[in-house]
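# Reading the structure
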Amino acid sequence: MPHTNVVLSLSCRDQPGIVAAVAKTLFDAGCNVVEAHQFNDAETNLFFMRTRFAILKPGSSIEALKAEFEAVANDLGLTWTMRSLKEKQRVMILVSKFDHCLADLLYRWRTGEIDMDIVGLIANHPRETYAHLDLDGIPFHYLPVTKATKMEQEAQVWELIRAANTDLVVLARYMQVLSDGLCAKLAGRCINIHHSFLPGFKGARPYHQAFARGVKLIGATAHYVTPDLDEGPIIEQDVERISHHNSVEDLVRKGREIERRVLARAITWHLDGRVIMNGSKTVVFKD
């Protein structure tokens, strides 16, 4: 049976022959390209590419194709990944009291809109906080945290992530700042949703800050987590217009809706291999 929906994502120094070398390798291996995107960054002189294809040659495997592609990657100096989208990635979700993003992700996961395996839920509030949500079948870990126990609690968080062979960590409004050490361990595989259109109103009560300034747009930002707080590479952002008619409560309500859809898009694109790191930025080949 052919392997369909295999995704190759890559980046390298821009140079002639990249597309030709990739296409020839896939053709020689009996593959059929069904989707292709590419981007040349003139500022950094880097090349980015995402290709989705099917392996049609009888008896061929992704492992064999990876071995064949290794020589091309070495010649061109590629940073690359290749995997079948049928292989669901293992996702750990971290959450605090605000659960609107968690509820949205659970719905999208159960309906199959986001194709992933949720390997656990880590919360710094007890399970009763989420009694209205369907957590059936999801391992729940209550890890309370105080200023005095933060490092101990974080060590427990990391152990759960590691033990579950987690591919992606999602901070679904997890209101704890991760240490530099944990950020380094999760580089490129931890997505946070920020309740603001970065750069913008940071810190506590962002919608109240925005309201006080009379803003006409509110937004949310999904980004990769780095040791620099809320400065990680941005994956997706969205905004919504408001006016003087809107109250603080309106801003909070509208903001939560933006946060839900922005986080869902960022996770989906990451799982689909559509996001490629470009220094402090990302290249996103949207669906």
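Just so it is clear, the structure is predicted and the values come from calculations on it, not from any experiment. (Residues numbered from 1 in each chain as written. Predicted model: local features only at pLDDT ≥ 70, side-chain atom pairs only at ≥ 80, totals over all residues. Heavy atoms only, no water.)

### Quick look at the nonpolar core
Among the nonpolar cores identified, the biggest contains 41 residues, and Ile 93, Val 170, Ile 191, Leu 263 and Ile 267 are the most heavily contacted of them. With nine residues, helix H7 (residues 248-271) is the largest single contributor of residues to this core. Every residue in contact with Val 170, bar those within four places of it in the chain, is listed here: Val 91, Met 92, Ile 93, Leu 94, Leu 105, Ile 191, Leu 263 and Ile 267. Leu 8, Ile 18, Phe 47 and Leu 78 belong to the second largest nonpolar core, which has 22 residues in total. (Core = buried A, V, L, I, M, F, W, Y, C linked by side-chain atoms within 4.5 Å. Buried < 20%, exposed > 50% of the residue type's maximum accessible area, 1.4 Å probe, protein only. Helix = DSSP H or I, 4+ residues; strand = E, 2+ residues; numbered from the N terminus. Contact = heavy atoms within 4.5 Å.)

### So, the layout of surface pockets
Counted as a void, the second largest pocket has a volume near 440 Å³. Every residue lining the second largest pocket is counted, 20 residues in all, and those nearest its centre are Ser 9, Thr 81, Gly 273, Val 275 and Ile 276. For the lining of the second largest pocket, the leading source of residues is strand E4 (residues 79-84), giving five residues. Taken together, the residues of the lining of the second largest pocket sort by class into ten nonpolar, eight polar and two charged. (1 Å grid on protein atoms, 1.4 Å probe; cavity = no way out; pocket = protein on both sides within 12 Å on 5 of 7 lines; lining within 4 Å. Points joined across faces, edges and corners; volume = space filled by probe spheres on them. Nonpolar A, V, L, I, M, F, W, Y, C, P; charged D, E, K, R; others polar.)

### Regarding helix H1 (residues 18-28)
Residues Ile 18, Val 22, Thr 25 and Leu 26 constitute the buried set of H1. Within H1, the buried residues cover an arc of 95° as seen down the axis, which keeps them to one side. Among the exposed residues of H1, those oriented more than 90 degrees off its buried face are Ala 20, Lys 24 and Phe 27. Buried residues along H1 sit in contact with strand E1 (3-13), strand E2 (31-41), strand E3 (46-55) and helix H2 (62-76). Where H1 terminates, the next one or two residues include Gly 30, which has phi positive at roughly 80°. (Arc of directions from axis to C-beta.)

### Here's the deal with unusual backbone geometry
A positive phi angle, close to 60°, is found at Asn 45, a residue other than glycine. Take Asn 45: it is sitting in the loop between E2 and E3. For Asn 45, a relative accessible area of 40% translates into the label partly exposed. Phi is positive for Asn 165, close to 50°, though the residue is something other than glycine. Counting through the fold element by element, Asn 165 comes out in the loop between helix H4 (150-163) and strand E8 (168-171). On the basis of relative accessible area, Asn 165 is assigned to the exposed category, the value being 55%.

### Quick look at the side chain of Glu 35
You can see Glu 35 is positioned in strand E2. One polar contact links Glu 35 to Arg 50, side chain to side chain, over a distance of 3.3 Å. Excluding its chain neighbours within four sequence positions, the residues that come into contact with Glu 35 are Arg 50, Thr 51, Arg 52 and Arg 274. (Polar contact = N/O pair within 3.5 Å; in protein donor to acceptor, adjacent residues only side chain to side chain.)

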